[in-house]
Amino acid sequence: MRSVEEQLELVTDAALTPRPVRVSIVDALGLMCAEEVQANVDLPGFTQAAVDGYAVRAVDVGGEQALSGRGRADQEPAPRPTEQSLPVVGEVAAGSQQPLRLQPRQAVRVHTGAPLPALADAVLPLAWSDRGRKRVRATRAVHSGDFVRRPGDDIGRGDVAVTSGAVIGPAQVGLLAAAGRANVLVYPRPRLSVISVGAELVDINRAPGLGQTYDVTSYALAAAGKEAGADVHRVGIAAGETRRLREIVEAQLMRSEILVISGAVGGSGALAIQEVLHGFGDIDTTRVAMHPGSVQGFGLLGQERTPIFLTPSNPVSALVIFELFARPLIRLSLGKRNAKRRIVRARSLRGIASRSGRTGFIRAQLMRDATTGDYLVEGLGGATGAPAHLLAGLAKANAMIRIPADTDEVRPGDIVDVIFLAQAS
């Protein structure tokens, strides 16, 4: 029986990076950049006002040469404003293309982002003035360079805006836009296909008859794949003779970077699909020292050696297998530095039974003590008398308790490792 760690190493060794594609920067969010993007313009591209106020010469409002750390309206500069008011000789709005020139002992009303008039070297914030319309008096001094954005202050022409290998988030999208890029080369989301097999299965648009059940697992796995960041294609139920199964598998191997088949292990119904799969390569169906989901399969099939996961038809077991093995593979393909979920230590609120010799993964609700801030966790399965296979309990869970293989019982108050099932970032 293989350990969880050994199975995970086998899977992650098959991690691949899809061929780069060029996409709109709007569609690049969450993807790994496949090129180094340099800015072809300065940001900002001109000297502009950083706040609403008045463009002035600092010397005219009691200021002097710029000091380190200046430039915020909530700072307390040396209060040496001029005793006289300055005439307001114009107004410049953001986006103005009409150049202005400031003369000594004059002020121009400016809005945030507006181009600074020539000779102005500072902006007097509205809050530091009497807000005059025709004449303005400073109530605090500003220094040269205060509340002014210079060309290239954010990023300069030729600077690297986004590095190759960076995961593109909102800030990177903004930098790409600032660099004048409408499209960017990225590694696309890995394409994941999900298939279910089983003579007892019917799709949700049909009423199940005696001995039949809805195809729950392929829907759950498809959702898990999408949450992990994959581009998911749910094939649904694969049925028919061997030739038809082979055609379905071959088609999905051609279109996918990852393939998941539920119902392909554990039971006589799995034999037909496994026979088909062995025609495309070797599949390792084995027991992994874990529960639920001990019986599973993994292999690399076809000319592209596509990773394939075989899971039981039970949705809880299938989702645990996907969480532990398929999800890290997807995250690595997306270029994530840490493919695993966050693990925290928490105090168990109830007793939990586990199977000795197998690592337990028990669905749970993670919470925090409002007084101490300590993590608390309540197991939703595996407790005495609680069934471990029900999907409803998993739907309530925001975490999984990880119980070591050498532990067969968690007592109330014990500290346990908890995998936090937060949404992907």
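Before reading on, note that the structure itself is shown above.
Residues numbered from 1 in each chain as written. Predicted model: local features only at pLDDT ≥ 70, side-chain atom pairs only at ≥ 80, totals over all residues. Heavy atoms only, no water.

Draft legend 1. Summary view of the side chain of Glu 257. Counting through the fold element by element, Glu 257 comes out in the loop between helix H4 (242-255) and strand S17 (258-262). Within polar-contact distance, the side chain of Glu 257 engages the backbone nitrogen of Arg 191 at 2.7 Å. Those residues in contact with Glu 257, other than ones at most four positions away along the chain, are Leu 16, Arg 189, Pro 190, Arg 191, Thr 306 and Pro 307. (Helix = DSSP H or I, 4+ residues; strand = E, 2+ residues; numbered from the N terminus. Polar contact = N/O pair within 3.5 Å; in protein donor to acceptor, adjacent residues only side chain to side chain. Contact = heavy atoms within 4.5 Å.)

Draft legend 2. Summary view of the side chain of Ser 333. The topology assignment puts Ser 333 in helix H6 (residues 315-333). Classification of Ser 333 by relative accessible area gives buried; the value is 1%. Discounting residues that sit within four places of it in the chain, Ser 333 has contacts with Leu 16, Pro 18 and Pro 190. (Buried < 20%, exposed > 50% of the residue type's maximum accessible area, 1.4 Å probe, protein only.)

Draft legend 3. Summary view of a negative patch on the surface. A surface patch of negative charge is lined by Glu 5, Glu 6, Glu 9 and Asp 13. Inspection of the secondary structure puts Glu 5 in helix H1 (residues 4-12). (Patch = residues over 30% accessible without salt bridge, like charges linked within 9 Å, V, L, I, M, F, W, Y side chains within 5 Å. Areas by Shrake-Rupley, 256 points an atom, 1.4 Å probe, with all protein chains shown as cover. Salt bridge = Lys/Arg side-chain N within 4 Å of Asp/Glu carboxyl O. Lys, Arg positive; Asp, Glu negative; His and termini not counted. Charge placed at Lys NZ, Arg CZ, Asp CG, Glu CD.)

Draft legend 4. Up close: the nonpolar core. The biggest cluster of nonpolar side chains holds 49 residues, and the ones touching the most others in it are Val 184, Met 290, Phe 309 and Phe 325. Counting only elements with at least two residues in this core, the list comes to H1, strand S11 (160-162), helix H2 (170-178), strand S12 (183-187), strand S13 (191-196), helix H3 (216-228), S17 and H6. When residues of this core are assigned to their parent elements, the largest contribution, ten residues, is made by H6. Residues Leu 86, Val 92, Val 123 and Phe 147 belong to the second largest nonpolar core, which totals 26 residues. (Core = buried A, V, L, I, M, F, W, Y, C linked by side-chain atoms within 4.5 Å.)

Draft legend 5. Region of the structure containing unusual backbone geometry. Across the junction of His 291 and Pro 292, the peptide omega takes the value -5°, indicating a cis bond. Examined against the element boundaries, Pro 292 turns out to sit in the loop between strand S19 (290-291) and strand S20 (295-301). Here Leu 119, not a glycine, exhibits a phi torsion of approximately 80°, which is positive. The phi dihedral of Arg 131 is positive, around 60°, even though this residue is not glycine. Among the secondary structure elements, Arg 131 is positioned in the loop between strand S8 (122-125) and strand S9 (135-136).

Draft legend 6. The environment of Val 197, seen in detail. Here Val 197 is to be found in the loop between S13 and strand S14 (201-202). Given a relative accessible area of 6%, Val 197 falls into the buried group. Setting aside chain neighbours within four positions, we find Val 197 in contact with Ala 238, Ile 261, Ser 262, Gly 263, Ala 264 and Ile 273.

Draft legend 7. Quick look at the sheet that holds strand S7 (residues 107-110). Strand order in the open sheet formed by five strands is S8-S5-S7-S6-S9, and the pairing between neighbours is mixed. Both edges of this open sheet fall to S8 and S9, since each of them pairs with a single strand only. As judged from the three bridges shared by strand S5 (residues 53-56) and S7, these two strands associate in the antiparallel manner. Opposite Tyr 54, over in S7, you have Arg 109 as the bridge partner. (Pairing = 2+ DSSP bridges.)

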